[in-house]
Amino acid sequence: MTAARRYHTATLLSNGQVLLAGGEDSSSDTIPTLASAEIYNPMFGTFTATGSLTTDRELHTATLVGGSVYAIGGRSGSSAGYVFLNSAESFSGGTFSVVSGTLNTARTTHTATFLQNGSVLISAGFGSGGALSSAELFNSSAQSFSFTGSFSDSTVFP
């Protein structure tokens, strides 16, 4: 890889390549989160740097919807302190862009499931108050998030 990273995402693109985005640099003493991204080409076994996330993030999700990858939530910072994120961004054509909508609840280590209707179900994870039992839907066309309910057991996490 072009950068040592862990807690990043790896998303299979429609062209067979893989987008690796964010994570943290565990080789640094301060363990900072990363904004860098790269493309893995399995045909040639190569990694190529490609743009950067608009916000450094780790423990986020990245879901392919149509031709875009949506990086949602996660956390930013370093071992000195992390901030939970409610932001999202899209990757298309080699460029990251901020998504206009934000999660209703900032979260990390959540799940993101692409649904047949084209939306993405964002569920559970952790926020500033601990484990989350809430879920949200992301509408990529409107670039918006909406609350969709909660688990009956608040100890559920992905």
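Refer to the structure printed above.
Residues numbered from 1 in each chain as written. Predicted model: local features only at pLDDT ≥ 70, side-chain atom pairs only at ≥ 80, totals over all residues. Heavy atoms only, no water.

## Regarding the side chain of His 60
With respect to the element layout, His 60 can be found in the loop between strand 4 (46-52) and strand 5 (61-65). Looking at His 60, its side chain comes within polar contact range of the side chain of Thr 9, at 3.3 Å. Here Ala 21 takes part through its backbone oxygen, which lies 3.4 Å from a polar atom of the side chain of His 60. Among residues more than four places away in sequence, those in contact with His 60 are Tyr 7, His 8, Thr 9, Ala 21, Gly 22, Gly 23, Ala 71, Ile 72, Gly 73, Gly 74 and His 110. (Helix = DSSP H or I, 4+ residues; strand = E, 2+ residues; numbered from the N terminus. Polar contact = N/O pair within 3.5 Å; in protein donor to acceptor, adjacent residues only side chain to side chain. Contact = heavy atoms within 4.5 Å.)

## Structural notes on the pattern of salt bridges
Throughout the structure, instances matching the rule amount to 5 salt bridges. Salt-bridge contacts for Glu 38 lead to Arg 5; the nearest nitrogen and oxygen are separated by 2.9 Å. On the criterion of sequence distance, the pair formed by Glu 38 in strand 3 (residues 36-41) and Arg 5 in the segment before strand 1 (9-12) is long-range, its members being 33 residues apart. Like Arg 5, Glu 38 is buried. Between Glu 89 and Arg 57 there is a salt bridge whose closest N-O contact spans 3.0 Å. (Salt bridge = Lys/Arg side-chain N within 4 Å of Asp/Glu carboxyl O. Buried < 20%, exposed > 50% of the residue type's maximum accessible area, 1.4 Å probe, protein only.)

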